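Secondary and tertiary structure notes
These are the residues of each chain, in order.
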Amino acid sequence: MLKKLSAALMLLALSVSACGTAPTGTAATTAPAASAPGANPGNFNFNTRTVTLNSGYQMPLNGLGTYSLTNGVGYKSVTTALKNGVRLFDTAYMYHNEAEIGKAVRDSGIPREEIFVITKLYPNQFAEPEAAIEEALKKLDIGYIDMMLLHHPGRGDVAAYKAMEKYVEQGKIRSIGLSNWYVKELKEFLPQITIKPALVQNEIHPYYQENDVIPYIQSLGITVQGWYPLGGRGHQKELLSDPVLAEIAKAHGKSIAQVILRWNLQKGVVVIPGASNPAYIIENTQLYDFELTTDEMARINALDRGKKHDWY
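Notes on the structure in this doc start here. All of these numbers come straight from a predicted model, not from anything done at the bench.

Points about the overall build of the protein chain
For the protein chain, the helix and strand inventory stands at 12 helices and 10 strands. The buried share of the protein chain, taken over its 312 residues, is 55%. If you take every contact in the protein chain between residues at least 6 apart in sequence, the share linking residues at least 24 apart comes to 76%. For the protein chain, the accessible surface area stands at approximately 13,100 Å², while carbon and sulfur atoms represent 53% of it.

Quick notes on the pairing of strand E6 (residues 145–150)
Taken across its six residues, E6 has six buried, putting it largely inside the fold. Pairing between strand E5 (residues 116–121) and E6: four bridges, direction parallel. Within the sheet, the bridge partner assigned to Leu121 lies in E6 and is Leu150. Running through helix H4 (residues 129–140), the crossover from E5 to the neighbouring parallel element E6 is right-handed. As paired strands, E6 and strand E7 (residues 173–179) are joined by five bridges and run parallel to one another. Considered in E7, the bridge of Met148 is made with Ile176. Crossover handedness for the path E6 to helix H5 (residues 157–170) to E7: right-handed.

Brief notes about the nonpolar core
Core analysis: the largest hydrophobic core is formed by 54 residues, its most contacted members being Phe89, Ile133 and Leu150. Look past the residues within four positions of Phe89 in its chain and what remains in contact with it is Leu64, Val78, Ala81, Leu82, Ile101, Ile115, Phe116, Val117 and Ile118.

Thoughts on the pattern of salt bridges
Tallying each qualifying case throughout the model produces 10 salt bridges. A salt bridge links Glu134 to Lys172, with the shortest nitrogen-to-oxygen separation between them at 3.8 Å. A residue pair is termed long-range when its members are at least 10 positions apart, and Glu134 in helix H4 and Lys172 in the loop between H5 and E7 qualify at 38 residues.

Some thoughts on the packing of aromatic side chains
Evaluation of the coordinates by the stated rule reveals six aromatic pairs. Taking the ring centre of Tyr207 as reference, the NZ or CZ of Arg305 above it sits at 3.7 Å.

Considerations on the packing of helix H9 (residues 243–252) against helix H12 (residues 294–301)
Viewed as axis vectors pointing N to C, H9 and H12 meet at an angle of 155°, and their least axial separation amounts to 10 Å. By the angle between their axes, H9 is roughly antiparallel relative to H12. Here H9 runs over H12; the crossing is left-handed. Every residue of H12 that contacts H9 at Val244, Leu245, Glu247, Ile248, Ala251 and His252 is listed here: Glu296, Arg299 and Ile300. Residues of the contact of H9 with H12, tallied by class, amount to five nonpolar, one polar and three charged.

Things to note about the sheet that holds strand E8 (residues 199–203)
In spatial order, the strands read E3-E4-E5-E6-E7-E8-E9-E10; together these eight strands make up an open sheet with parallel pairing. Pairing within the sheet leaves two strands with one partner each, and these edge strands are strand E3 (64–65) and strand E10 (269–271). Note that E8 and strand E9 (residues 223–227) share five bridges and pair parallel. What sits directly across from Glu203, in E9, is Trp227. The sheet strands contacting H5 are E5, E6 and E7, and the helix crosses E7 at an angle near 160°.

What about the side chain of Asn211?
With respect to the element layout, Asn211 can be found in the loop between E8 and helix H7 (214–219). Using a relative accessible area of 19% as the deciding quantity, one classes Asn211 as buried. Within polar-contact distance, the side chain of Asn211 engages the side chain of Gln209 at 3.0 Å. A distance of 2.8 Å separates polar atoms of two side chains, one belonging to Asn211 and the other to Lys267.

Reading the values: rules and limits
- Residues numbered from 1 in each chain as written.
- Predicted model: local features only at pLDDT ≥ 70, side-chain atom pairs only at ≥ 80, totals over all residues.
- Heavy atoms only, no water.
- Helix = DSSP H or I, 4+ residues; strand = E, 2+ residues; numbered from the N terminus.
- Buried < 20%, exposed > 50% of the residue type's maximum accessible area, 1.4 Å probe, protein only.
- Contact = heavy atoms within 4.5 Å.
- Areas by Shrake-Rupley, 256 points an atom, 1.4 Å probe, with all protein chains shown as cover.
- Pairing = 2+ DSSP bridges.
- Right-handed = clockwise from strand over helix to strand, strands pointing away.
- Core = buried A, V, L, I, M, F, W, Y, C linked by side-chain atoms within 4.5 Å.
- Salt bridge = Lys/Arg side-chain N within 4 Å of Asp/Glu carboxyl O.
- Phe/Tyr/Trp six-rings, centres within 6.5 Å; stacked < 30°, edge-to-face > 60°.
- Lys NZ or Arg CZ within 6 Å of the ring centre and 35° of its normal.
- Axes fitted to C-alpha atoms, helices over the stretch in contact; angles between N-to-C directions.
- Parallel < 35°, antiparallel > 145°, perpendicular 65-115°, else oblique.
- Left-handed = near helix turned anticlockwise from the far one by under 90°.
- Nonpolar A, V, L, I, M, F, W, Y, C, P; charged D, E, K, R; others polar.
- Polar contact = N/O pair within 3.5 Å; in protein donor to acceptor, adjacent residues only side chain to side chain.

Okay, structure coming up:
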C-alpha cells in the first residue's frame with residue numbers, strides 16, 4: 001500500500017516554494033462555505049483510503065493518535081488497531097510511548113511497509129537534532145520512520161528540519177513535515193529549507209476549523225492532518241453532544257464521532273483520533289460507507305468558534 005512513486009515525482013517534491021500554486025478554483029486564503037459531495041480538496045483516494053504525499057509515499061487517511069496512551073496502554077491500543085485494519089499511527093517524543101508503539105508494530109506480524117508511523121521532535125530537542133533523531137529511531141526500532149515532524153515552532157527549528165532532511169537522504173526517514181505551523185509561520189519557514197514538508201498537522205475540529213489555513217496548506221501541495229479531531233481535553237464531551245452534529249449523525253445512522261471524522265475527510269484532512277477502547281478504535285475506522293451533503297457540511301462549518309482548545 002505504501003509504495004513509492006517514480007523517481008521523477010520524488011525529485012519534483014524536493015523543490016520548495018514559499019507560495020506554491022493553488023489548484024484551479026481554490027483561493028489560498030479563502031475557504032469555501034462547504035465542500036460539495038464528490039469534492040476532494042485533499043486529493044484523497046477514497047478507494048484505497050490513502051493519500052499520495054508530495055514525497056511520493058502513500059499514507060492512510062485515518063489512523064490512531066497515541067497521545068496519553070502510556071504504561072502499556074499504547075501497546076494494547078496499537079495492537080487492537082492493527083488487528084482491525086488501522087495502519088497509520090501518530091506518536092511523539094513528548095508522548096513517552098515510542099518504544100511501546102514500535103514494539104506493537106514489530107509484534108504484529110504485518111509487513112513493515114504496510115504500516116505508517118509518524119513521530120515528532122520537540123523544541124527542547126532542536127539544539128541537538130541528530131541525537132534526537134537517532135533516539136527516535138532506536139526507541140521505535142522499526143527500521144525507518146515513515147514521517148517525522150517538528151512538534152511546533154521553536155528556537156533552532158530550521159536547523160532541526162535540515163537535520164531531518166539529511167536523514168531523508170540517508171533513507172532513515174521517508175517523509176518530513178511540521179506540526180502547529182500556520183500561514184504566517186509557513187511563509188517565514190519554507191524559504192529557509194530544501195525539502196517541502198509532506199504534511200502539516202494542526203488542531204482541527206468543528207469548534208476550531210482553520211478554514212483560512214487548510215486551503216492555504218493544500219495550495220502548496222502539502223497534505224493536512226488534524227489532531228484533536230473530536231475536541232480534545234476538556235472539550236470532547238461538549239462536542240460529542242452538539243445538537244447539530246447529533247441530528248446529522250441520526251440522519252446517517254452514524255455516531256457523532258464518525259460524522260466529525262467524515263467531515264474532516266471531505267475537507268481534505270487526514271484524521272488521527274485517539275482511543276484506547278477497542279469499540280471506539282473500530283468505530284473510528286467506519287467512515288467510508290456514507291457521505292455528508294453540501295448542506296450538512298455547511299451546517300457543521302457554521303459551528304466554528306475560532307478558538308483553540310490547546311495552546312499550540
